[in-house]
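# Summary of the model geometry
In case you want the letters, here they are:
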Amino acid sequence: MKFKFSWQETKQGEVEIEARNGVEAEKIFWSMSTTERNQKSKNIVGTKNTEIKFIDFDWSDSVTYHEWKTDWDLSEEEWEEWEKRFNQ
């Protein structure tokens, strides 16, 4: 499943991450170096202080980071359950 993280550092970009679930996708995003994030991102503008603005994925329209942390703060097991339901 693909998760698109729209992020901002005063730089702003968008990176697509292939992951099994949202927990893994966010871990991958935060583990990326600035250089790696810049190389894999589209639409880069600006300078520092990383902040996720929006996340897009198959099961939902674009969500803010606040919505991601409140509405989609699922465990890896819960992501697996959602994936089973979504892919039926």
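First things first, this report covers the structure right here in the doc. (Residues numbered from 1 in each chain as written. Predicted model: local features only at pLDDT ≥ 70, side-chain atom pairs only at ≥ 80, totals over all residues. Heavy atoms only, no water.)

Our focus in this paragraph is the overall build of the protein. Helix and strand content of the protein: 4 helices and 5 strands. Reading the protein from its N terminus to its C terminus gives the helix and strand order β-β-α-α-β-β-β-α-α. Within the span of the protein, comprising 88 residues, buried residues form 33% of the whole. Carbon together with sulfur atoms contributes 46% to the accessible area of the protein, which is approximately 5600 Å² in total. (Helix = DSSP H or I, 4+ residues; strand = E, 2+ residues; numbered from the N terminus. Buried < 20%, exposed > 50% of the residue type's maximum accessible area, 1.4 Å probe, protein only. Areas by Shrake-Rupley, 256 points an atom, 1.4 Å probe, with all protein chains shown as cover.)

If you look at the biggest cluster of nonpolar residues, it comprises 19 residues, and the most contacted ones within it are F3, F5, F57, W68, W72 and W79. Secondary structure elements with two or more residues in this core: strand 1 (2-8), strand 2 (12-18), helix 1 (22-31) and strand 4 (51-57). Dropping the residues within four chain positions of it, W72 is found in contact with F57, W59, S60, V63, E67, W79 and W82. (Core = buried A, V, L, I, M, F, W, Y, C linked by side-chain atoms within 4.5 Å. Contact = heavy atoms within 4.5 Å.)

So, on to the environment of E83. Relative to the helices and strands, E83 resides in helix 4 (residues 76-86). Separated by 82 residues in sequence, E83 and M1 place their C-alpha atoms 9.0 Å apart. When residues no more than four places from it in sequence are discounted, the contact partners of E83 are M1, R20 and W59.

Residues of helix 1 that are buried: G22, A25, E26 and F29. In an axial view of helix 1, the angular spread of the buried residues amounts to 95°, which keeps them on one side of the axis. Exposed side of helix 1, more than 90 degrees from the buried face: K27 and S31 are the residues found there. For helix 1, the N-terminal capping position is held by N21, with its side-chain oxygen 3.1 Å away from the main-chain nitrogen of V23. (Arc of directions from axis to C-beta. Polar contact = N/O pair within 3.5 Å; in protein donor to acceptor, adjacent residues only side chain to side chain.)

All right, on to the pairing of strand 5 (residues 60-64) then. Looking at chain direction, strand 4 and strand 5 are connected through 3 bridges and run antiparallel. Looking at the pairing, F54 lines up with T64 of strand 5. Hairpin connection from strand 4 to strand 5: 2 residues lie between these consecutive antiparallel strands. (Pairing = 2+ DSSP bridges.)

With that out of the way, let us pick up the pattern of salt bridges. By the definition in use, this model includes 8 salt bridges. A network of salt bridges, in which partner residues are shared, links K2, K4 and E16. (Salt bridge = Lys/Arg side-chain N within 4 Å of Asp/Glu carboxyl O.)

Attention shifts here to the packing of aromatic side chains. Considering all chains together, one arrives at 16 aromatic pairs under this definition. Plain terms: the ring middles of F57 and W72 are 4.9 Å apart, the flat faces sit at 90° to each other, and that makes the pair edge-to-face. One end of the pair, F57, is in strand 4; the other, W72, is in the loop between helix 3 (65-71) and helix 4, with 15 residues separating them in the sequence. On the numbers, 5.7 Å between centres and 25° between planes, the contact of W72 with W79 is stacked. Here W72 matches W79 in class, with each residue buried. (Phe/Tyr/Trp six-rings, centres within 6.5 Å; stacked < 30°, edge-to-face > 60°.)

Nothing here speaks to function; it is geometry throughout.
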